[in-house]
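Secondary and tertiary structure notes
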Amino acid sequence: MRRYKIAAIPADGIGPEVIHAGLEVLAALAARHGDFALDVETLDWGSARYRKLGALMPEDGLAHLRGMDAIYFGAVGAPDVPDHITLWGLRLPICQGFDQYANVRPTRILPGVKSPLAGVGPGDLDWVIVRENSEGEYAGNGGRTHRGLPEEVGTEVAIFTRVGVTRIMRFAFRLAAARPRRHLTVVTKSNAQRFGMVMWDEIAAEIAAEFPTVTWDKELVDAMTTRMVRRPASIDTVVATNLHADILSDLAAALAGSLGIAPTGNIDPERRFPSMFEPIHGSAFDITGKGIANPVASFWSAAMMLDHLGENGAAQALMTAVEQVCAAGIVTPDLGGKATTKEVTRAVCAAIAGMNAAG
Ligand code: IPM
Ligand code: MG
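The rules we used
Residues numbered from 1 in each chain as written. Chains lettered and ligands numbered in written order. Predicted model: local features only at pLDDT ≥ 70, side-chain atom pairs only at ≥ 80, totals over all residues. Heavy atoms only, no water. Domains from an automatic or database assignment. Contact = heavy atoms within 4.5 Å. Buried area = accessible area lost by both parts, 1.4 Å probe. Salt bridge = Lys/Arg side-chain N within 4 Å of Asp/Glu carboxyl O. Polar contact = N/O pair within 3.5 Å; in protein donor to acceptor, adjacent residues only side chain to side chain. Nonpolar A, V, L, I, M, F, W, Y, C, P; charged D, E, K, R; others polar. Near = heavy atom within 4 Å. Areas by Shrake-Rupley, 256 points an atom, 1.4 Å probe, with all protein chains shown as cover. Disulfide = S-S within 2.5 Å. Pairing = 2+ DSSP bridges. Helix = DSSP H or I, 4+ residues; strand = E, 2+ residues; numbered from the N terminus. Axes fitted to C-alpha atoms, helices over the stretch in contact; angles between N-to-C directions. Buried < 20%, exposed > 50% of the residue type's maximum accessible area, 1.4 Å probe, protein only.

**Section: the domain arrangement of the protein**
Each domain of the protein was delimited in the assignment, giving domain 1 (1–100 + 273–359) and domain 2 (126–255). A C-alpha centroid distance of 26 Å is found between domain 1 and domain 2. Residue-level contacts link seven residues of domain 1 with seven residues of domain 2. When residues of domain 1 are sorted by the area they lose upon contact with domain 2, Gln96, Asp99 and Ile280 head the list and together hold 52% of the total. Seen at the junction of domain 1 and domain 2, the total is one salt bridge. The closest approach of N and O atoms between arginine 167 and aspartate 99, which form a salt bridge, is 2.9 Å. Where domain 1 packs against domain 2, one counts three residue pairs in polar contact (both at pLDDT 80 or more). Its residues assigned to classes, the side of domain 1 that touches domain 2 shows four nonpolar, two polar and one charged.

What follows is the structure in structure tokens.
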């Protein structure tokens, strides 16, 4: 029996609802497959802890997580706590402390889900966006002086390093090489931004030489938004900076039907530290507690986590179950359905239970 230690951090908003749903589905999978088990420790870190104790996570939080095989994360952010505090108090310290430099964001149109793009169905939109996750615009480099005075200055300096760009580029090319279409689009803004972005283009060309089986092209980020809308089938794997990919991945999720289905993995490809898997939708306070949060992003993130752990059969089974349930129209209101979080979860668990153990 293979055993994995998982830290679950449901945190804020709809995080607890969708992580709870994900843990149920994972338990159903482990029961069905019978050859692996997940030892889950659920941590109460998040904004509620901040209100009580003044910190979103304990001081030795990272040390605690270090012994885990993976982290399953919900969402962080609360209406009464400034966003930069919640973000820098929990999620970014984990991403940066564990050097999870590759943020992987797959998007495709699931069966039964309608894209807002006319005439675009499953198969026409099947992308993976690789987001640089350790530096760039999120490097935390900046400051403010003369606060409140007319001459106040704020800087927000993007940092691109040769090491950082090279390793994300290599990761993206390797991922593209493993996908059927073997195509990578490198996104920058190297016309207007002459330094870091031009270095990004140069490093892309260098690394491309290591991957002769991969075709690649370059796109400026503004033009990329149009290409995603007008020629989705021309795109396969994408690599972009932290901020550019943040924006493009929201657009990608919307074009694939809903932000409620989009998953992500914050990966340390060298496996020195645990990687972290989470839905990208965020805490969604408008629907918190209503029982209608779409758990599909959380399920898909769980499948990515299983893949990362080497449980590829279980990951595949989970995605098959999710696709069956979507195809049957058992979907939450964000996808035009009437089902609740619990109903979707129950349906996915039933689909898993109905599969043969080898599937
Ligand atoms: C995401 C989110 C976060 C980000 C927010 C919550 C800061 O939008 O994971 O895409 O920009 O990284
Ligand atoms: Mg985002």
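**Description of the site of ligand 1**
In the vicinity of ligand 1, the contacting residues are Leu87, Arg91, Arg105, Arg131, Tyr138 and Asp246. In the environment of ligand 1, an oxygen atom lies 2.6 Å from a nitrogen or oxygen atom belonging to the side chain of tyrosine 138. The protein chains hide 71% of the 320 Å² of surface that ligand 1 would expose on its own.

**Digging into the state of the cysteines**
Applying the stated criterion across every chain yields a total of zero disulfides. Cysteine 326 takes part in no disulfide bond, and the closest cysteine sulfur, belonging to cysteine 349, lies 14 Å away.

**Side note on the sheet that holds strand E10 (residues 237–240)**
The strand order E2-E1-E3-E12-E11-E4-E5-E10-E8-E9 describes an open sheet built from 10 strands, whose pairing is mixed. Edge strands, defined here as strands with exactly one partner in the open sheet, are strand E2 (36–42) and strand E9 (215–220). The sheet shows a mean angle of 25° between the axes of neighbouring strands, direction not considered. The pairing of strand E1 (residues 2–11) with E2 spans seven bridges and is classified as parallel. Looking across to E2, one finds that arginine 2 is bridged to phenylalanine 36. Where helix H6 (residues 196–208) meets the sheet, it contacts strand E5 (126–132), strand E8 (183–188), E9 and E10, and its direction lies at approximately 165° from that of E8.

**Let's talk about unusual backbone geometry**
A positive phi angle, close to 60°, is found at arginine 271, a residue other than glycine. Position of arginine 271 among the secondary structure elements: in the loop between strand E11 (263–267) and strand E12 (275–279). The backbone of alanine 284 shows a phi angle near 50°, a positive value even though the residue is not glycine. Within the secondary structure, alanine 284 sits in the loop between E12 and helix H9 (296–309).

**Remarks on the pairing of E5**
Each regular strand carries side chains that alternate between the two faces of the sheet. Along E5, six of the seven residues are buried, which leaves the element largely enclosed by surrounding structure. Relative to E5, strand E4 (residues 102–108) runs antiparallel, the two being bridged by seven bridges. Residue pairing across strands places arginine 105 opposite isoleucine 129, the latter belonging to E5. Pairing analysis gives four bridges linking E5 to E10, with the strands arranged parallel. Looking at the pairing, arginine 131 lines up with alanine 240 of E10.

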